[in-house]
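Residue-level structural notes
Chain residues, written in single-letter form:
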Amino acid sequence: MRPHLLVCLLGILPAACAGPQPTPADPLPEYASTLAASVDDQLAVLGREVRLAFPVGGHEAQLAGEALDQLAIDLRMQALGWRALETHAQEMRQVLSHPGTEGARIEGLTVAFRELHLRLIQTGMGEALGIGLAQQQRTERNMLLAGDCAETIAVSLPSLQQILEGMNRAAEPLEQRLEQDRRLVLALHAQANQAVVDRHHYLSERRTELERRLAAAAAGVAPMDHEAEQELAAMSADWQRSEQDFTAYGQRQRAMEEAFRRAKDHVRGIRGATLEWGVALREVGKALERDRDQANLRLIEASVKELGN
């Protein structure tokens, strides 16, 4: 926590004789933490499946790793964005939970807004956030002029929603990137396993031909074929190994396909949750205005449950 936010909070603490009080923002830090962790989890699953699919040191493994590394940068930027939202929610909750003077609480919410903007800039989103320093400062001045915490949050909402829309825009290319990388990685995996596929197809065709010859002999439409019997018996071990290798190849292809599909669906869900976060903040402000310690957070809660699984 930055020193100036700590000063604001210390100004609130002496009045909080009864200790922290419930606030409408109480669930938000956990929600943001769950969503941030869910992005990290998707990246971890994707990385694991890709690493398992490629032999270490191969050219295809290097190319797949490079694609995954670039993808990881963009996914981690989204995770860091949610960590920033988590910290902002924690600071909001801490300010609101201590019944100090209204002026000190307003100042605490204003500083928390400033810190959120700065943290998000540090993630690398930059101009995608939709507001610059001048708008940030105007928003802070207007927040400080508010009459109470509910109005302070209401005043900050237009800028916060622009920030959240910027996070959403920053995530938009990820869906296309995931689709491009899915095709690339699966093609590289097929290339790395071309010998396995070719060997399996050759043995399958040869085995079918030998079995056809033996079936013809058994049906009496062709003479006994001892060579076919011997070759079929001799290739049994090779066929079993080939079948195992080909099955493993298919399983890895399907596992990577599923990992990319889930990651793409997850990014789409995270983008929706980013916009829902603005709705959640609005509901917190409305609950404060009505002097309630719970807000209507069902929309973001549903996304957290879906994406956090």
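Residues numbered from 1 in each chain as written. Predicted model: local features only at pLDDT ≥ 70, side-chain atom pairs only at ≥ 80, totals over all residues. Heavy atoms only, no water.

**Concerning the overall build of the chain**
Of regular secondary structure, the chain possesses ten helices and zero strands. Taken from the N to the C terminus, the helices and strands of the chain come in the order α-α-α-α-α-α-α-α-α-α. Over its C-alpha trace the chain gives a radius of gyration of 29 Å, far above what one expects of a compact globule, namely 19 Å for 309 residues. Based on the C-alpha atoms only, the size of the chain along its principal axes is roughly 105 × 35 × 25 Å. Across the 309 residues of the chain, 46% fall into the buried class. (Helix = DSSP H or I, 4+ residues; strand = E, 2+ residues; numbered from the N terminus. Rg over C-alpha atoms; globule rule 2.2 N^0.38 Å. Buried < 20%, exposed > 50% of the residue type's maximum accessible area, 1.4 Å probe, protein only.)

**Section: the packing of helix α3 (residues 59–96) against helix α4 (residues 102–122)**
Between α3 and α4, whose axes approach to 9 Å, the crossing angle comes to 175°. Relative to α4, the element α3 is oriented roughly antiparallel. Across the interface between the two elements, Gly81, Ala84, Leu85, Thr87, His88, Glu91, Met92, Val95 and Leu96 of α3 pack against Arg105, Gly108, Leu109, Ala112, Phe113, Glu115, Leu116, Arg119 and Leu120 of α4. (Axes fitted to C-alpha atoms, helices over the stretch in contact; angles between N-to-C directions. Parallel < 35°, antiparallel > 145°, perpendicular 65-115°, else oblique. Contact = heavy atoms within 4.5 Å.)

**Examining the side chain of histidine 200**
Within the fold, histidine 200 resides in helix α7 (residues 194–218). Non-local contacts of histidine 200, meaning those with residues more than four positions away in its chain, are made with Trp239, Ser242, Glu243 and Phe246.

**Points about the side chain of serine 242**
Within the secondary structure layout, serine 242 lies in helix α9 (residues 236–289). A distance of 3.2 Å separates the side chain of serine 242 from the side chain of histidine 200, its partner in a polar contact. Once residues within four sequence positions are removed from consideration, serine 242 is found in contact with Arg199, His200 and Leu203. (Polar contact = N/O pair within 3.5 Å; in protein donor to acceptor, adjacent residues only side chain to side chain.)

**Notes on unusual backbone geometry**
The phi dihedral of aspartate 291 falls on the positive side, at around 60°, and the residue is not glycine. Structurally, the position occupied by aspartate 291 is in the loop between α9 and α10 (298–307). Judged by its relative accessible area of 73%, aspartate 291 is exposed.

**What to know about the environment of valine 304**
Following the sequence through the fold, valine 304 ends up in helix α10. The spatial distance from the C-alpha of valine 304 to the C-alpha of histidine 226 is 66 Å, given a sequence separation of 78 residues. In contact with valine 304, other than residues within four places in its own chain, are Tyr31, Thr34 and Leu35.

**Observations regarding the pattern of salt bridges**
In the structure shown here, the tally under the stated rule is 21 salt bridges. With a closest N to O distance of 3.8 Å, glutamate 49 and arginine 252 form a salt bridge. Taken together, the positions of glutamate 49 in helix α2 (residues 28–53) and arginine 252 in helix α9 put the pair 203 residues apart, joining distant regions of the chain. Here glutamate 49 falls in the buried class, since its relative accessible area comes to 13%. (Salt bridge = Lys/Arg side-chain N within 4 Å of Asp/Glu carboxyl O.)

**Some remarks on α7**
End to end, α7 covers 36 Å across 25 residues, agreeing with the expected 36 Å (1.5 Å per residue, within 8%). Residues of α7 that are buried make contact with α8 (226–234) and α9. At the C-terminal side of α7, glycine 220 shows a positive phi close to 80°. (Expected span 1.5 Å × (residues − 1).)

**Here we look at the packing of aromatic side chains**
Throughout the structure, instances matching the rule amount to two aromatic pairs. Between the aromatic rings of tryptophan 82 and tryptophan 277, the centroid separation amounts to 5.4 Å while the plane-to-plane angle is 85°, which identifies the pairing as edge-to-face. Remark: tryptophan 277 occurs in helix α9 and tryptophan 82 occurs in helix α3; sequence separation between them is 195 residues. Per residue, the accessibility class of tryptophan 82 equals that of tryptophan 277, and both read buried. (Phe/Tyr/Trp six-rings, centres within 6.5 Å; stacked < 30°, edge-to-face > 60°.)

**Considering the nonpolar core**
Of all hydrophobic cores here, the largest spans 67 residues; its most connected members are Leu28, Trp82, Trp277, Val284 and Ile300. Those elements giving two or more residues to this core turn out to be α2, α3, α4, α6 (149–192), α9 and α10. When residues in this core are grouped by element, the largest group, 15 residues, is from α6. Setting aside residues up to four positions removed in sequence, valine 284 forms contacts with Pro24, Ala25, Leu28, Met92, Leu96, Ile153, Ala295 and Leu297. (Core = buried A, V, L, I, M, F, W, Y, C linked by side-chain atoms within 4.5 Å.)

**Concerning empty space enclosed by the protein**
This model, assessed by the stated rule, comprises two cavities of 30 Å³ or more. In this structure, the largest cavity occupies an estimated 70 Å³ of space. In this structure, the largest cavity is lined by His88, Met92, Leu109, Phe113, Met143, Thr152, Ile153, Ser156, Leu160 and Leu281. Of all elements in the fold, only α3, α4 and α6 reach the threshold of two or more residues within the lining of the largest cavity. Among the elements that take part in the lining of the largest cavity, α6 stands out by supplying four residues, more than any other. Grouping the amino acids of the lining of the largest cavity by side-chain chemistry returns seven nonpolar, three polar and no charged. Val39, Leu75, Gln78, Ala171, Leu174, Val267 and Ile270 are the residues that line the second largest cavity. Elements that contribute at least two residues to the lining of the second largest cavity include exactly α3, α6 and α9. Grouping the amino acids of the lining of the second largest cavity by side-chain chemistry returns six nonpolar, one polar and no charged. (1 Å grid on protein atoms, 1.4 Å probe; cavity = no way out; pocket = protein on both sides within 12 Å on 5 of 7 lines; lining within 4 Å. Points joined across faces, edges and corners; volume = space filled by probe spheres on them. Nonpolar A, V, L, I, M, F, W, Y, C, P; charged D, E, K, R; others polar.)

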